[in-house]
Amino acid sequence: MKVDQKGHTTTIKDTQNNVKDFVGKIMNEYHVFQNQNLILDVLHNKTLAITDLVHFKELAKTHIKAKKSMVIVSDVLDFDKVPTYLNVVPSVIEAHDMIEMDEIERDLGF
């Protein structure tokens, strides 16, 4: 797991290709990230499946309650099949763009 913090956003990169362990590590260290928008970079994992996304559900709920954004970056998923409670994009640049749009919406009270 590689962590990079810039401003109000923290990018966490999975280096092990194990989604369950990756999310477990994030949840164990959540107090460190709870006030940050999160980009979860799983681009390295080319075997990621839609069924693996269930591991992100609790983390997504927790982060939404904290009024922060969480975006998963993967280019191997069928985006039409991603659950509505998750934001998944194919690149880190798009993840930053999505977080900026979310921040603007929160500032405007949407």
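Above this text you will find the structure in question.
Keep in mind that this is a model prediction, so the values were computed, not measured.

Enquirer: Please give an account of the overall build of the protein chain that cites residues and values.
Expert: Counting its secondary structure elements, the protein chain contains 4 helices and 5 strands. When the helices and strands of the protein chain are read in sequence order from the N terminus, they spell out β-β-α-α-β-α-β-β-α. On C-alpha atoms alone, the protein chain measures out to a radius of gyration of 13 Å, which is about the 13 Å that the 2.2 N^0.38 rule sets for 110 residues. Evaluated residue by residue, the protein chain yields a buried proportion of 36% over its 110 residues. Within the structure as shown, the protein chain displays about 6500 Å² of accessible surface, and the carbon and sulfur contribution to it stands at 51%.

Enquirer: So what's going on with the sheet that holds strand E3 (residues 37–41)? Which residues, and what values?
Expert: Pairing in this open sheet of 5 strands is mixed, and the strands run E1-E2-E3-E4-E5 from one edge to the other. Where the open sheet ends on each side, the last strands, each with one partner, are strand E1 (2–6) and strand E5 (88–89). When E1 meets strand E2 (residues 9–13), the two strands line up antiparallel, connected through 5 bridges. Along E2, the bridge assignment pairs valine 3 with isoleucine 12.

Enquirer: Would you mind going over the pattern of salt bridges in detail, with residue names and values included?
Expert: Across all of its chains, the model carries 3 salt bridges by this definition. Between aspartate 75 and lysine 46 there is a salt bridge, with the nearest N and O atoms lying 3.1 Å from each other. Of this pair, aspartate 75 sits in the loop between strand E4 (70–73) and E5 while lysine 46 sits in the loop between E3 and helix H3 (57–65), and the two are 29 residues apart along the sequence. Residue lysine 46 is classed as exposed on the basis of its relative accessible area, which comes to 52%. A salt bridge links arginine 106 to glutamate 103; the nearest nitrogen and oxygen atoms lie 2.9 Å apart. Taken as a pair, arginine 106 and glutamate 103 lie in helix H4 (residues 92–108) at a separation of 3 residues, close to a single helical turn. For glutamate 103, a relative accessible area of 17% puts it in the buried group.

Parameters at a glance
Starting afresh in each chain, residues are numbered from 1 along the sequence in its written order. Two thresholds apply to this predicted model, a pLDDT of at least 70 for residue-level local features and 80 or more for giving and counting side-chain atom pairs, whereas whole-chain, interface and lining totals are computed over all residues. As a rule here, side-chain values come from all non-hydrogen atoms in the structure, and water together with hydrogens is ignored. Secondary structure follows DSSP: runs of H or I at least 4 residues long count as helices, runs of E at least 2 residues long count as strands, and numbering of each begins at the N terminus. The size measure is the radius of gyration over C-alpha atoms, and the globule rule it meets is 2.2 Å times the number of residues to the 0.38 power. Exposure classes here rest on a 1.4 Å probe applied to the protein chains alone. A residue is buried below 20% of its type maximum, exposed above 50%, and partly exposed in between. Under the convention used here, a 1.4 Å probe and the Shrake-Rupley method define accessible areas, while residue burial counts only the protein chains that appear. Paired strands, in this sense, are two strands between which DSSP finds at least two bridges. The salt bridge definition used is simple: a Lys or Arg side-chain nitrogen within 4 Å of an Asp or Glu carboxyl oxygen.

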